[in-house]
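Here is what each chain is made of, one letter per residue.
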Amino acid sequence: MVDVLAAPQQGKADSALRTLTGISIAHWVSHFHLLVLPMLFPFLKDRLGVGYVELGFSLTTLAVVSALTQAPTGYLVDHFGARKILLAGLTLGGFALILLGVHLSYAALIACAVLLGLANSVYHPADYAILAEHMDEARMGRAFSVHTFAGYLGGAVTPAIVAALVTVSGGTGALIASGAIAILVALLLVAMSIPEAGAHKKKPGGESAPKQAVITPALITLTALFMLLSLSVAGINNFGVVALMSGYGTSYSIANVALTAFLGCSAAGVLAGGFLADHTERHGYVAAACFAANAAIVLLIALVTLPGWALTAMMATAGFLSGVIAPSRDMLVRNAAPAGAAGRAFGIVSTGFNLGGIVSPLLFGWIMDQNAPHWVFGASVIFMLATVVLSPFTERRIKA
């Protein structure tokens, strides 16, 4: 009798693990694809005969398209099913890079950026809709943390993978191979039988689940929170090295080690945050506490020229704390999403990330052009403090 009762539970656990593995691999691809073009900028600049402004415009195009399509894609996820939309996004992103590799031109680069932006809009609403529906409630925070960690890992290994592909097959070969990876992952997800999710499912008796309003005060506030979270770390991620070198006399090697410590510990913090998220319901207060501590650390970095070992230690701690809040952030969205609308909810709030991605290069680039590198960290502190203020308010809104 015990074996009979245990078998369904074991089968459910195996299915959940398979689903988490497949969705995390897809998230790995999304972050990998976001960095393929930047890693190939030297090759593209030489072959296309354009400047870095023109190449940068392709990334702006990608970010704008992704921002405009995140929320609509969430509606598609809930209507047609998250699995179908995720497979379509993987395939679209893969073909975008393959086509650029086959037909290399500046017009094709911009078209590729548009398609990559559209593909990128798929991952958050589709992934989170599937996870929210098929993961064990008691381990939901850890599931979110593994998914986020996989994305961080995808970005971390992209430079090495693209460099290896360029060495073996050249720039066009690297584009084609990078696209093929997404196609192969899409086939893998089909073979793994990743389950469907979304409000398109029918209730017993053939009636569709009733539609509910998704654009609520709670989700609007969470969208603002996501934008602040993006702005809080974007300056450090993208301009931290040059700011440390020009404003603090830090050597290139030490500045890179410090940034690597920040990014690596962010990934470790995500995994730790998953356990924390599963053992608390105060997700907004977790985010506020972590960013309050982070603001103090980054303020110290902004005001004091630290020796290399101390700078690296401070950056590592700041990165860890910024990673810890990621699962709690995702739990806030899941708790605020109406039943059957996880895709739309995550699509809406993820727009905040895209808005931060559009604003941050302009803002922090302007700061560096004003010869004010200390304010790369100073502005980050301001955004962190704004996050501290907003996070508890967001939790109150959700509970209301």
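- An unreviewed UniProt entry lists the chain under the name Sugar phosphate permease, from Bradyrhizobium sacchari.

### Some remarks on the packing of aromatic side chains
Working definition: an aromatic ring pair is given by the centre-to-centre distance plus the angle between the planes.
Piece 1. Tallied over the entire structure, the rule returns four aromatic pairs.
Piece 2. Taken together, a centroid distance of 5.2 Å and an interplanar angle of 75° make the contact between tyrosine 128 and phenylalanine 144 edge-to-face. Taken together, the residues tyrosine 128 in helix α5 (residues 106-134) and phenylalanine 144 in helix α6 (residues 140-191) connect sequence positions 16 residues apart. Across the pair, phenylalanine 144 and tyrosine 128 agree in class, each one buried.
Piece 3. Measuring from centroid to centroid gives 4.7 Å for phenylalanine 226 and phenylalanine 353, while their planes differ by 50°, and the two rings are tilted. One end of the pair, phenylalanine 226, is in helix α7 (residues 217-248); the other, phenylalanine 353, is in helix α11 (residues 342-369), with 127 residues separating them in the sequence.
Piece 4. Here phenylalanine 226 falls in the buried class, since its relative accessible area comes to 2%.

### What about helix α3 (residues 52-80)?
Piece 1. Its 29 residues place the ends of α3 39 Å apart at the C-alpha level, agreeing with the 42 Å of an ideal helix rising 1.5 Å per residue.
Piece 2. When the local axis directions of α3 are compared, the greatest deviation, roughly 45°, occurs at glutamine 70, which is followed within four positions by the proline proline 72.
Piece 3. Glycine 81 sits one or two residues past α3 and shows a positive phi near 115°.

### Let's talk about empty space enclosed by the protein
Taking a probe equal in size to a water molecule and rolling it over the atoms shows the remaining empty space.
Piece 1. All told, the structure shown has two cavities of 30 Å³ or more when counted by the stated rule.
Piece 2. By volume, the largest cavity amounts to about 60 Å³.
Piece 3. Those elements that place two or more of their residues in the lining of the largest cavity are α1 (2-39) and α5.
Piece 4. Partitioned by chemical class, the residues of the lining of the largest cavity number six nonpolar, three polar and no charged.
Piece 5. The computed volume of the second largest cavity comes to approximately 40 Å³.
Piece 6. Lining the second largest cavity, in full, are Leu244, Tyr248, Thr250, Ile301, Val304, Thr305, Leu306 and Leu311.

Criteria and thresholds
Residues numbered from 1 in each chain as written. Predicted model: local features only at pLDDT ≥ 70, side-chain atom pairs only at ≥ 80, totals over all residues. Heavy atoms only, no water. Phe/Tyr/Trp six-rings, centres within 6.5 Å; stacked < 30°, edge-to-face > 60°. Helix = DSSP H or I, 4+ residues; strand = E, 2+ residues; numbered from the N terminus. Buried < 20%, exposed > 50% of the residue type's maximum accessible area, 1.4 Å probe, protein only. Expected span 1.5 Å × (residues − 1). Bend = angle between axes of the 7 residues up to and from the residue. 1 Å grid on protein atoms, 1.4 Å probe; cavity = no way out; pocket = protein on both sides within 12 Å on 5 of 7 lines; lining within 4 Å. Points joined across faces, edges and corners; volume = space filled by probe spheres on them. Nonpolar A, V, L, I, M, F, W, Y, C, P; charged D, E, K, R; others polar.

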